[in-house]
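# A structural walkthrough
In case you want the letters, here they are:
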Amino acid sequence: MSGVLRTPDLPRAVADYTGVLGFECRQHIPGVLAVVVHGPLQLQLWACGARPGRWEKPDPRASAWAPTRHSVVVRHIHALHASLRQAILRPVRTGVSGGQPLHAHRLPAEAPALQPWGAWAFAFADIDGQVIHCVDWAVQQPTPDAAFANPRTGRTG
């Protein structure tokens, strides 16, 4: 699925999503937008100063930018979390102490959690401080026997 985010610094955001979070940049129009993809998660990053599109009208109240929370529905949330975690834990070379995973705090180590409303969810932060909340409405936790599990109870047999 896709989410739409505004960013005050598009080149920095694209560098963060591709270099730190392991996304692939599928489209980039400098100064306007970038489309980045990581597995089932696709995000549109729009520059704050970009002019509205053909059918959009400028919002006079949107003069200042502030980080926000965004919810995006995804599939295969456990695999997405593992892939993002692997990308974010890559050591970054620092001049002081060699390579360290400097961005680990932006994605919790805990696997996606089953929420009271019945969805799996986890959240991560981008370089602008925006929080992307990923939600998967799959009923059961992925297991080797999941194909044979009762969808109501999650038990096999």
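Since this is a predicted model, take the numbers as computed values, not measurements.

Before going further, it helps to spend a moment on the sheet that holds strand β4 (residues 41-47). The four strands lie next to each other as β1-β4-β3-β2, forming an open sheet whose pairing is mixed. Whereas interior strands pair on both sides, the edge strands pair on one side only; in this sheet they are β1 (2-7) and β2 (24-29). Across this sheet, the average inter-strand angle for adjacent strands is 20°, counted without regard to direction. Two elements, β2 and strand β3 (residues 33-38), share five bridges in a ladder whose sense is antiparallel. Within the sheet, the bridge partner assigned to H28 lies in β3 and is A34.

Let us look at the confidence of the model for the protein chain. Averaged over every residue, the pLDDT of the protein chain is 78; the share at 70 or more is 68%. This model gives residues 143-153 a pLDDT under 50, and the stretch forms 12 contacts once residues within four places in sequence are excluded.

Our next topic: the sheet that holds strand β8 (residues 113-114). Spatially, β5-β10-β9-β8 is the arrangement adopted by the four strands of the open sheet, whose pairing is mixed. Whereas interior strands pair on both sides, the edge strands pair on one side only; in this sheet they are β5 (69-73) and β8. As judged from the six bridges shared by strand β9 (residues 120-125) and strand β10 (residues 131-136), these two strands associate in the antiparallel manner. Residue A121 lies in a different strand from β10, and its bridge partner there is V135. Against the sheet, helix α2 (residues 77-88) makes contact with β9 and β10, and its axis sits at roughly 25° relative to β9, the strand it touches most.

Here the focus is the side chain of H133. Relative to the assigned elements, H133 resides in strand β10. Those residues in contact with H133 that sit more than four places away from it in its chain are R69, H70, S71, V72, A121, F122 and A123.

Moving on to the packing of aromatic side chains. Throughout the structure, instances matching the rule amount to two aromatic pairs. Between Y17 and F23, the aromatic rings sit 5.1 Å apart at their centres with planes inclined by 90°, giving edge-to-face as the arrangement.

Here α2 contains 12 residues, and its C-alpha end-to-end distance of 16 Å stays within 8% of the 16 Å for a straight helix at 1.5 Å per residue. Within α2, the full set of buried residues consists of I77, H78, L80, H81, L84, R85, A87 and I88. The secondary structure elements touched by the buried residues of α2 are β3, β4, β9 and β10.

A few words on the pattern of salt bridges. Tallied over the entire structure, the rule returns two salt bridges. Among the ionic pairs, D128 bridges to R12, the shortest N-O distance being 2.2 Å. Of this pair, D128 sits in the loop between β9 and β10 while R12 sits in helix α1 (residues 10-19), and the two are 116 residues apart along the sequence. Judged by its relative accessible area of 8%, D128 is buried. Overall, the relative accessible area of 35% leaves R12 in the partly exposed class. Ionic pairing is found between R26 and E24, a salt bridge with its closest N-O pair at 3.2 Å. Judged by its relative accessible area of 53%, R26 is exposed. Judged by its relative accessible area of 43%, E24 is partly exposed.

Calculation criteria
Residues numbered from 1 in each chain as written. Predicted model: local features only at pLDDT ≥ 70, side-chain atom pairs only at ≥ 80, totals over all residues. Heavy atoms only, no water. Pairing = 2+ DSSP bridges. Helix = DSSP H or I, 4+ residues; strand = E, 2+ residues; numbered from the N terminus. Axes fitted to C-alpha atoms, helices over the stretch in contact; angles between N-to-C directions. pLDDT = per-residue confidence, 0-100. Contact = heavy atoms within 4.5 Å. Phe/Tyr/Trp six-rings, centres within 6.5 Å; stacked < 30°, edge-to-face > 60°. Expected span 1.5 Å × (residues − 1). Buried < 20%, exposed > 50% of the residue type's maximum accessible area, 1.4 Å probe, protein only. Salt bridge = Lys/Arg side-chain N within 4 Å of Asp/Glu carboxyl O.

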